[in-house]
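# An overview of the molecular structure
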Amino acid sequence: MNDKDKLKDLIITNFLAIAAGLILSGLMLMLLHINPFTVFGDALHTMFTDKYTMGDVLLKATPLIFTALAFAFTFKANLFNIGAQGQFYMGAIVAIAASLKMDGVVPTPVLLLIVVVLTFVAGGLIGALIGFLKARYNANEFLVSMMSTYVVQALMNYLLRTFLLETKGEYPQTDAISREAWIPTLIPGTRLHWGFVLAVLVAVGVWILLYKTTLGYRIRAVGSNASASEKSGIKSKKVFVIAFFISGALAGMAGFTEINGVQHMLIQDFNTSIGSSGLGIAILANANPIGIIFASILFGALGVIGNLMGRMPGLNIPSSIVDLMQGFVMIFVIVSYFLRAWMANRREKRRLQKVVEK
Amino acid sequence: MVVSLLARALMMSTPLLLGSISEVIAERSGMMVTAIEGIFLMGAWGGFVGAYLTGSSFAGILLAMVCGLLMAGVYGFITIHLRQHQVVTGTALNILAAGLCTYLQRVLFGVPVSPLKISPLPKLAIPLLGDIPVIGEIFFRQNILTYLVYLIIPLSYFLLFKTSIGLTIRSTGENPEAVDVAGISVNKVRFLTVLAAGIMGGLAGAFYSVGYLGMFTSGMIGGRGWIAFAICFLGNWNPKGAVIGTLAFGFTEALAIYMQTVGGGSYFPNELFIALPYILTIVLTVARRNFNVPAQLGTPYSKEN
């Protein structure tokens, strides 16, 4: 079977999966006596014609690219980092603390550069700790990374009502940073900022790192067969720590784009579903860094469509329609993995049959 | 004070015990039920809906088990029959469950002016046993789901380690080829254990809505399914271990509440106690060296390889 067939299968099955997910969500809308065609039509029309809304799609995609890359990176080493949410929180904490400290003192480009490096390191250290526990004590990384999110969240809540508490002292949230510390806008008239470009560049960088460098080769080798790669001289323990450091660092950078690019302050229960959506996106894209860019934009679009629906007057569509659409699409995409394998199998059988008949 | 605290800790342990034992049974057959968070949530929702619409807690509990069963059925079908990744499928189903129950809640009840309430399960004092000082108050003045768990703990242990069914389940997780050669379908065993886990997980979810709070909110599970999942690991895939793990969790939770009430918050931040169960899990995961992981945990089975 050649690559062209594979790509064709991939595009067709993914397209069908997304369509099936949306159709099922549309049926759910009918339960509320809402005509899904007009609602989806209106939402799509607004999304594609309104510049501001289109910008929001990419804006929402930005942090998801980072958390999806975070999951995909360790996944290539057959490791599970499902703590991207916590690493994102760590990045967000560091981003807001550093930005508030340097706000108005340090020129914008220098400030942004320092913050991006700090978030990278902050998320990375959480990741590296998980990787270290895995390498040194053979601790189950799935469990440790999952639990780490709750610990970081508790730390964040503590800091929000103590060291990072706003000057007014009313709510558990930080002061807002001034315009000097914002990531500059990419397209005037939208909220879209340069963080999106950064995310795309990082995704390309991750692709190069994974497929064009020795480190990437080692990570993938450990992922496909740990004991064989150990015998060939790859130190798998070192790879665990490095892979987890980079993975955590990627999730940490989402903290940078969300704090300095969108929210400009840190609040309690900040973007609670970024980690799990990132995981879903990584699946959608088969953990391919370039595919992740497109899958993130799809998830961003689903989020925006859901918001648009919620704002339609008189219809009262609940915001949970977003989770519903994302959930259905993910389930069908997973099923499509099976379909692709089945189609490839059948094609191979037919080819063999032809060879035999000759 | 301490007695009521312990009684409360035991009550809060009920769903964790149900969940972790359900996970032990499924994982022994090689299936991680990563949809457990979603199963808990659907169970909580189903329990509330059943109890609210019929006025009977029993109907609620029944519907909760059906919801758990359905979630587990979808999970089992995709992971076992379609051979897809367990972590990945579970994550997708958890996201879907969060959307589904909030959405269906809206479809059924619109936007209610005041929160919808049902009467939570009553505390039943067992005659004689309930009158024993201290012990009676802690163990024998609980609701019916807690009593059910008292039965499930020894039964699940007996099932897994003393019966041929248990042997088959454990062999399926350790050496599926042998089970296959013996003429038993590996996939069928796995599917059945996942369904059983779904029923128990749904029951655990119902504990939060029907058994305890008497209402439903989409955030009411809040990671407790994952805690049950973690306890299964910490308990070394054994119902006995699950009991010890749950008690450790219950203890740290009770300690957190205790510290708050006696004003320990002025020395230690409250968030430290909230994080304590999670930190404890990490420490125990690191400290335990001799884990007894089922050899084929998470790997789909096919005859060809």
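Sequence order as written defines residue numbering, which begins from 1 separately in each chain. Here the convention is simple: chains get letters from A, ligands get numbers from 1, in the order in which they are written. Where totals are concerned, whole chains, interfaces and linings use all residues; where local detail is concerned, this predicted model gives features only for residues with pLDDT of at least 70, and gives and counts side-chain atom pairs only at 80 or more.

### Thoughts on the overall build of chain A
Each helix is a run of DSSP H or I of at least 4 residues and each strand a run of E of at least 2, with the numbering of both proceeding from the N terminus. When its secondary structure is counted, chain A shows 13 helices and zero strands. The helix and strand sequence of chain A, counted from the amino end, reads α-α-α-α-α-α-α-α-α-α-α-α-α. Since a compact globule built from 358 residues should have a radius of gyration of about 21 Å, the 22 Å found for chain A is in line with a globular shape. Reported as C-alpha extents along the three principal axes, the dimensions of chain A are approximately 80 × 60 × 35 Å. With C-beta atoms placed from the backbone, a residue is labelled by how many other C-beta atoms lie within 10 Å of its own: buried for 20 or more, exposed for 12 or fewer, partly exposed between the two. In chain A, which comprises 358 residues, the proportion classed as buried is 50%. In chain A, of all internal contacts separated by at least 6 residues, the share reaching a separation of at least 24 is 78%. With the radius of gyration taken over C-alpha atoms, the globule rule is written as 2.2 Å times the number of residues to the power 0.38. A pair of residues counts as a contact when their C-beta atoms, built from backbone coordinates, are within 7 Å of each other.

### Notes on the overall build of chain B
Along chain B, the regular secondary structure elements total twelve helices and two strands. Each helix and strand of chain B, ordered N terminal to C terminal, gives the series α-α-α-α-β-α-β-α-α-α-α-α-α-α. Here the C-alpha atoms of chain B give a radius of gyration of 20 Å, agreeing with the 19 Å that 2.2 N^0.38 yields for 305 residues. Once the C-alpha set of chain B is aligned to its principal axes, its extents read approximately 60 × 45 × 40 Å. Counting across all 305 residues of chain B, residues that qualify as buried make up 49%. Excluding contacts between residues fewer than 6 apart, the proportion of contacts in chain B whose partners are at least 24 apart in sequence is 76%.

### Section: the nonpolar core
Across soluble globular proteins, nonpolar side chains show a tendency to be buried alongside one another. Residues and elements named next belong to chain A. In plain words, the nonpolar core is the set of buried Ala, Val, Leu, Ile, Met, Phe, Trp, Tyr and Cys residues that C-beta atoms within 7 Å link up. Counting residues in hydrophobic clusters, the biggest one holds 202 residues, and the most contacted among them are L69, A282 and I292. Per-element tally for this core: the top contributor is helix α10 (residues 236-263), with 15 residues. Those residues within four positions of A282 in sequence are excluded, and the remaining contacts are A68, F71, A72, F75, A287 and I292.

### Side note on unusual backbone geometry
Residue and element names in this part refer to chain A. A positive phi angle is found at H33, which is not glycine, with a value near 60°. Mapped onto the secondary structure, H33 falls in the loop between α1 (3-31) and α2 (36-49). Even without being a glycine, N138 presents a positive backbone phi close to 55°. Summarising the element assignment, N138 is placed in the loop between α5 (108-137) and α6 (141-161).

### Brief notes about the interface of chain A and chain B
Listed by partner, the interface residues are 36 residues for chain A and 32 residues for chain B. With twelve residues, the top contributor of residues to the side of chain A that touches chain B is helix α13 (residues 321-357) of chain A.

### Some words on helix α7 (residues 195-212) of chain A
Residue and element names in this part refer to chain A. Expected span, for any helix, means 1.5 Å times one less than how many residues it has. Look at α7: 25 Å from first C-alpha to last across 18 residues, which is about the 26 Å you get at 1.5 Å a residue. Among the residues making up α7, those that are buried are G195, F196, L198, A199, V202, A203, V206 and L210. All buried residues of α7 project into a common sector of 150° when viewed along the axis, lining one side. Relative to its buried face, α7 has exposed residues pointing more than 90 degrees away, namely L201, I208 and K212. The arc in question is the one spanned by the directions pointing from the helix axis to the C-beta atoms.

### So, the packing of α2(A) against helix α12 (residues 289-311) of chain A
Residues and elements named next belong to chain A. To obtain each axis, a line is fitted to C-alpha atoms, and for helices this fit is confined to the stretch in contact; angles are then taken between N-to-C directions over 0 to 180 degrees. Viewed as axis vectors pointing N to C, α2 and α12 meet at an angle of 115°, and their least axial separation amounts to 9 Å. For the pair α2 and α12, the sense of crossing is right-handed. Every residue of α12 that contacts α2 at V39, A43, T46 and M47 is listed here: A301, V304, I305, L308 and M309. With the far helix as reference, a near helix turned anticlockwise by less than a right angle produces a left-handed crossing, and one turned clockwise produces a right-handed crossing.

### A word on the packing of helix α3 (residues 51-75) of chain A against α10(A)
Residues and elements named next belong to chain A. Remark: α3 packs on α10, axes separated minimally by 7 Å, with the N-to-C direction vectors making an angle of 170°. One element, α3, and the other, α10, form an angle in the roughly antiparallel class. Of the residues in α10, those touching α3 at L59, T62, P63, F66, T67, L69, A70, F73 and T74 are A243, F244, I246, S247, G248, L250, A251, M253, A254, T257, E258 and V262. Any angle from 65 to 115 degrees is called roughly perpendicular, while one under 35 is roughly parallel, one over 145 is roughly antiparallel, and all others are oblique.

### Comments concerning the confidence of the model for chain B
Summary statistics for chain B give a mean pLDDT of 89 and a share of 97% for residues scoring 70 or more. For this predicted complex, the interface score ipTM comes out at 0.88, alongside a pTM of 0.90. Per-residue confidence from the predictor is reported as pLDDT, a score between 0 and 100.

### A closer look at helix α6 (residues 144-162) of chain B
Residue and element names in this part refer to chain B. If you check α6, its first and last C-alpha atoms are 27 Å apart, about what 19 residues at 1.5 Å a residue would give, namely 27 Å. Given a residue, its bend is the angle between the two axes fitted to the seven residues that end at it and to the seven that start from it. At I152, α6 is deflected by roughly 25°, the largest bend along its length, and proline P154 occurs up to four residues later in sequence. For α6, every residue scored as buried is listed here: L145, T146, V149, S156 and L160. On its buried side, α6 packs onto α1 (2-28), β2 (141-142), α7 (164-174), α9 (186-213) and α11 (239-261).

### Here's the deal with the environment of A:S336
Residues and elements named next belong to chain A. Here S336 is to be found in helix α13. Given 23 C-beta atoms within a 10 Å radius, S336 is considered buried. With near-sequence residues (within four places) excluded, S336 lies in contact with T13, N14, L16 and A17.

### Focus: the environment of A:V106
Residues and elements named next belong to chain A. For V106, the position within the fold is in the loop between α4 (84-102) and α5. For V106, a count of 18 C-beta atoms within 10 Å translates into the label partly exposed. Distance from V106 to E180, taken between C-alpha atoms, is 8.9 Å for residues 74 residues apart in sequence.

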